[in-house]
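Given next are the chains, with one letter for each unit.
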Amino acid sequence: MTQDDMKKAAAEAALDYIDFEMIVGVGTGSTANHFIDALARVKGKIDGAVASSVATAERLKKHNIPVLDLNDVGQLAIYVDGADEATKHLHLIKGGGGALTREKIVVGASEKFICIADYTKLVPVLGKFPLPVEVIPMARSFVGRQLVKLGGQPALRTGFTTDNGNLILDVSGLEILNPLELETLINQIPGVVTVGLFAHRPADVLILGSETGTQVYTA
């Protein structure tokens, strides 16, 4: 079984959490794409979806799944998305696809967050995957210097602009022993839009695809 097969297995398992007349928040990335493709099979069951990125909205529309504006729907029952790293405490690093701010907004508006990934994303300590930080362009250098003070090594994601018109700094060299504290510290730096740590709002359910099936961790 390939890594992509394991992502697909986790995405398929997330369908068990979809109920009638739900509006589903949908994340961004390769695993979320598998979920969108699976969701298309039960699209008659739901009232529509809220997308966390332009790319996700386009994929949903290709499957004729109604895409709704978060401002028009209010609270969502469920949000389904992948992760770049996850712990058994359900803390996550997200943002490898560059949609971290909109992902954090949609998950914040959702009652339940289902995170889907392959088992290689499960780690004892977050930080091996470079931590994405979305920044306002004029603050890029200033924010970078502050991240260095926190022990990180920021690098500009070249040739990339977020759907919000901002930049991404990918921060390596961090061993994130206290995700809650670091999320707060980075978010307080002027010029930071958001950081790809999902610790204050972690996943409620983590579904990991593996060669032997799916493993489920809950809060």
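Just above, that's the structure.
Figured I'd write up the structure that's included with this text.

## Quick word on the sheet that holds strand E13 (residues 213–218)
Consideration 1: A sheet is described by the order of its strands in space; here six strands give the open sequence E2-E1-E3-E6-E12-E13, paired in mixed fashion. This sheet does not close on itself; its edge strands, each paired only once, are strand E2 (48–51) and E13. Taking each pair of neighbouring strands and ignoring which way they run, the sheet shows an average axis angle of 20°.
Consideration 2: Looking at chain direction, strand E1 (residues 23–26) and E2 are connected through four bridges and run parallel.

## With respect to the packing of helix H2 (residues 30–39) against helix H3 (residues 54–62)
Consideration 1: Packing of H2 against H3 leaves a shortest axis separation of 9 Å and a crossing angle of 25°. Between H2 and H3, the angle is such that the two are roughly parallel. Note that H2 runs across H3; the crossing there is right-handed. Facing Asn 33, Ile 36 and Asp 37 of H2, the residues of H3 in contact are Thr 56, Arg 59 and Leu 60.
Consideration 2: Grouping the constituent residues of the contact of H2 with H3 by class yields two nonpolar, two polar and two charged.

## Some thoughts on a nonpolar patch on the surface
Consideration 1: Together, Ile 136, Met 138 and Val 193 make up an exposed nonpolar region whose accessible area comes to about 310 Å².
Consideration 2: Tracing the chain through its elements places Met 138 in the loop between strand E7 (131–135) and helix H6 (140–149).

## Details of the sheet that holds strand E11 (residues 197–198)
By definition, the strands of a sheet pair up through backbone hydrogen bonds, in either a parallel or an antiparallel sense.
Consideration 1: The strand order E4-E5-E11 describes an open sheet built from three strands, whose pairing is antiparallel. Two strands bound the open sheet, and with one partner strand each, they are strand E4 (85–86) and E11.
Consideration 2: The pairing of strand E5 (residues 92–93) with E11 spans two bridges and is classified as antiparallel. Considered in E11, the bridge of Leu 92 is made with Phe 198.

## Regarding the environment of Glu 103
Consideration 1: Inspection of the secondary structure puts Glu 103 in helix H5 (residues 100–108).
Consideration 2: Judged by relative accessible area, which is 3%, Glu 103 ranks as buried.
Consideration 3: Taking the C-alpha atoms as reference points, Glu 103 and His 200, separated by 97 residues in sequence, lie 14 Å from one another.
Consideration 4: Setting aside residues no more than four positions away along its own chain, Glu 103 makes contact with Thr 28, Ser 52, Tyr 79, Asp 81, Lys 94, Gly 95 and Phe 198.

## Structural notes on the nonpolar core
Most often, soluble globular proteins keep nonpolar side chains buried together rather than apart.
Consideration 1: If you look at the biggest cluster of nonpolar residues, it comprises 24 residues, and the most contacted ones within it are Phe 35 and Ile 116.
Consideration 2: Those elements that provide at least two residues to this core are helix H1 (3–13), E1, H2, strand E3 (76–81), strand E6 (110–118) and strand E12 (205–210).
Consideration 3: Discounting residues that sit within four places of it in the chain, Phe 35 has contacts with Ala 11, Ala 14, Leu 15, Ile 18, Val 24, Val 26, Val 80 and Ile 116.
Consideration 4: Judged by nonpolar contacts, the second largest core, of 20 residues, contains Ala 139, Leu 169, Val 171 and Ile 189.

## Some words on unusual backbone geometry
Consideration 1: We note that Glu 21 has phi near 65°; this positive angle belongs to a residue other than glycine.
Consideration 2: Tracing the backbone shows Glu 21 in the loop between H1 and E1.
Consideration 3: Residues other than glycine seldom take positive phi values, yet Leu 90 does so here, at roughly 70°.
Consideration 4: Of note, Leu 90 is situated in the loop between E4 and E5.
Consideration 5: Owing to a relative accessible area of 2%, Leu 90 belongs among the buried residues under this scheme.

Conventions used here
- Residues numbered from 1 in each chain as written.
- Predicted model: local features only at pLDDT ≥ 70, side-chain atom pairs only at ≥ 80, totals over all residues.
- Heavy atoms only, no water.
- Pairing = 2+ DSSP bridges.
- Helix = DSSP H or I, 4+ residues; strand = E, 2+ residues; numbered from the N terminus.
- Axes fitted to C-alpha atoms, helices over the stretch in contact; angles between N-to-C directions.
- Parallel < 35°, antiparallel > 145°, perpendicular 65-115°, else oblique.
- Left-handed = near helix turned anticlockwise from the far one by under 90°.
- Contact = heavy atoms within 4.5 Å.
- Nonpolar A, V, L, I, M, F, W, Y, C, P; charged D, E, K, R; others polar.
- Patch = residues over 30% accessible without salt bridge, like charges linked within 9 Å, V, L, I, M, F, W, Y side chains within 5 Å.
- Areas by Shrake-Rupley, 256 points an atom, 1.4 Å probe, with all protein chains shown as cover.
- Salt bridge = Lys/Arg side-chain N within 4 Å of Asp/Glu carboxyl O.
- Buried < 20%, exposed > 50% of the residue type's maximum accessible area, 1.4 Å probe, protein only.
- Core = buried A, V, L, I, M, F, W, Y, C linked by side-chain atoms within 4.5 Å.

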